[in-house]
Amino acid sequence: MRGQLPKSLFSFMITLLCLGSLMTTLIWYTSGDNHVETYQPPPQKKRAPKPSEICKGCKEIIDKIQQRYNQTWMKQEENYMKFRADLSVKCNGFDKAIITQSNTPVGSKLVYDGEKKRTLEVNQDLFNLFTKKHPFSNKIWDTCSVVGNGGILSDSGCGKMIDSADFVVRCNLPPLENGYEKDVGIKTSLVTANPSIFLQKYGSLMGRRRPFVDSLRKYGNSLLLLPAFSFGVNTAVCQRVVYAIEDFESPLQPVFFNPQYLQSLAHFWRSQGLKETRLTTGLIMASLALEFCENVHLYGFWPFSNHPYGLYTLTNHYYDDKPAKTNFHAMPAEFDRLLQLHTRGVLRLHLGDCKADGK
C-alpha cells in the first residue's frame, strides 16, 4: 500500500497537468479565434514616388495620355456603330468566335492560329465536346464590363461598378475573393483561361482534379472560354478541363475559341496598325464585347508600372507582380488603340478610382 500511494499520487498529478494544458490550449484557441482575420491583399501605397520609382519616360507618356483621357466622355453612336460593323464584317464574332457543332462539323479541319502549319481533323469524340449552339448568336447586352487584371485595379473601389453591368468578362481565371471583391467585383458571365495555368498550377490535370474544379466555384455558371486550338500543347489539357468539369458536375460551361476567329481578329488589328506577335486576351475580349454589347466598359487596362494619377508604383497584376510576356504582346501599343476608341466614344476606359472616376 505504501509503495502504491506515491505511484497513484504521481499519476494523479500527471493527469491534472495534462488536463490543465488541454484547458489552457482550448481557452487560448477559442478566445484567439475571434481575432483571426482573412487574408487581405496589401493596398497600393498611394504616395508621391521617388524619381527612381518612375519608369523611364513614363511621366511624359502618362502626361500625354491624361491630356487625351481627361475630357468629358460621351458615347459617339455613329463612331460606335461604324467600328462595330467593321468588326462584324471582318471577324463575325457572333457566329465564329466560339466553336460549335453547327460551324465545325465532324471532318472539319482546324488550323491552329498560333501554329499555322498544325492542323487537326475533328473526329466524333472531339465534336461531342463542342457546344451545340453559339452562346452569343443574336444576343445584344446593354452594358458589358471587360475586366483586365492590371495593378491599377488595386484599391480602386471598382467592384460594384463592374458588377452592375449586364455581362461581365474576366480574363485568365483571376482571384475574386479574400478582399479583392471591393476592387474587381465577383459577378462573372464569361471567364477565359490561359492553358499555362493548368500546366503550371494543376500539373496538366494529370493527377487529382477536384482542387482544380473547386477553384472554379467562384465563377458560378459562367462560360469558360478555352484556346484549345491555338497551340498543340493546349489541346489535350483543355480537353481534360472539360472532362473534369463534366465528371464533377460543375455548373461552369466550357467552350472553345475558334482559331479561325482569332486569325481574323489578328488580321483586323493589323489593318489598324497594330504590329505584335499575338493579341492579348484583354484586347480579344474587348473586341468581342464590342460586337455583342451596346456599351462596353474596360477596367484594369493599364500597361505602365506607375498609376496615371499620382504616379505611385503599381504591381503588374492586382494580385501579383508577375511580369508580362513582352516578346509576345505589345501592351502599350494595344492600350493606345483602346485609348483612341475611348476618345472617339466607341468604348469607355476607366483609369481612375471608381469612387472618384467621373470621366
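Keep in mind that what you see is a predicted model, and the values were worked out from it rather than measured.

(A) Representation of the overall build of the protein. On a plain count of helices and strands, the protein comes out with 13 helices and nine strands. Buried residues in the protein amount to 45% of all 359 residues. Taking all contacts inside the protein whose residues are at least 6 apart in sequence as the whole, residues at least 24 apart take part in 74%. Summed over its atoms, the accessible surface of the protein is roughly 19200 Å², and 55% of this surface lies on carbon and sulfur atoms.

(B) Up close: the nonpolar core. Core analysis: the biggest nonpolar cluster contains 57 residues, and F136, M285 and F292 have the highest contact counts within it. In this view, M285 contacts V146, V169, C171, L190, T192, L225 and F257; residues no more than four positions away in its chain are not counted.

(C) Region of the structure containing the packing of aromatic side chains. Within the structure shown, the criterion is met by 17 aromatic pairs. Consider the rings of Y180 and Y318, whose centres lie 5.3 Å apart with planes at 70°: the pair is edge-to-face. With Y180 in the loop between β4 (167-170) and α7 (181-184) and Y318 in the loop between β8 (293-299) and α13 (331-343), this pair connects stretches of sequence that are 138 residues apart. The same class applies to Y180 and to Y318, which are both buried. With a centroid separation of 4.9 Å and an interplanar angle of 90°, the aromatic rings of Y318 and Y319 are classed as edge-to-face. In this structure an aromatic cluster arises from ring pairing among Y112, F127, F130, F229 and F256.

(D) Looking closely at the pattern of salt bridges. Inspection of every chain in the model, using the stated rule, returns 13 salt bridges. The closest approach of N and O atoms between D336 and R337, which form a salt bridge, is 3.7 Å. The exposure class assigned to R337 is buried, which follows from its relative accessible area of 15%. Connected through shared salt-bridge partners, K75, E77, R84 and E294 make up one network.

(E) Fine view of the confidence of the model for the protein. Predicted confidence across the protein gives a mean pLDDT of 87, with 83% of residues reaching 70 or more. Counted against residues more than four places away or in other chains, residues 12-45, with its pLDDT under 50, gives 15 contacts.

(F) Focus on the state of the cysteines. Scanning the model with the defined rule gives two disulfides in all. Paired through a disulfide, C144 and C293 show a sulfur-sulfur distance of 1.6 Å. Across the S-S bond linking C144 and C293, the dihedral sits near -60°, which makes this disulfide left-handed. Of the two residues, C144 sits in strand β3 (residues 141-147) while C293 sits in strand β8, which places them 149 residues apart along the sequence. With a relative accessible area of 0%, C293 lands in the buried category. In this model C158 forms its disulfide with C354; the gap between the sulfur atoms is 1.9 Å. Linking C158 and C354, the disulfide has an S-S dihedral of approximately 90° and is accordingly described as right-handed. In this pair, C158 is assigned in the loop between β3 and α6 (159-163) and C354 in the segment after β9 (348-350), connecting sequence segments 196 residues apart. Each member of the pair, C158 as well as C354, carries the same accessibility label: buried.

(G) Focus on helix α2 (residues 58-69). With 12 residues, α2 extends 16 Å from end C-alpha to end C-alpha; this agrees with the ideal 16 Å at 1.5 Å per step. In this structure, the buried residues of α2 make contact with α13 and β9.

(H) Just the packing of helix α3 (residues 77-90) against helix α12 (residues 281-292), in detail. Contact pair α3 / α12: the axes reach a minimum separation of 9 Å and the direction vectors enclose 110°. Classified by the angle between their axes, α3 and α12 sit roughly perpendicular to one another. Residues Y80, F83, R84, L87 and S88 of α3 pack against S287, L290 and E291 of α12.

Scoring rules and cut-offs
- Residues numbered from 1 in each chain as written.
- Predicted model: local features only at pLDDT ≥ 70, side-chain atom pairs only at ≥ 80, totals over all residues.
- Heavy atoms only, no water.
- Helix = DSSP H or I, 4+ residues; strand = E, 2+ residues; numbered from the N terminus.
- Buried < 20%, exposed > 50% of the residue type's maximum accessible area, 1.4 Å probe, protein only.
- Contact = heavy atoms within 4.5 Å.
- Areas by Shrake-Rupley, 256 points an atom, 1.4 Å probe, with all protein chains shown as cover.
- Core = buried A, V, L, I, M, F, W, Y, C linked by side-chain atoms within 4.5 Å.
- Phe/Tyr/Trp six-rings, centres within 6.5 Å; stacked < 30°, edge-to-face > 60°.
- Salt bridge = Lys/Arg side-chain N within 4 Å of Asp/Glu carboxyl O.
- pLDDT = per-residue confidence, 0-100.
- Disulfide = S-S within 2.5 Å.
- Expected span 1.5 Å × (residues − 1).
- Axes fitted to C-alpha atoms, helices over the stretch in contact; angles between N-to-C directions.
- Parallel < 35°, antiparallel > 145°, perpendicular 65-115°, else oblique.

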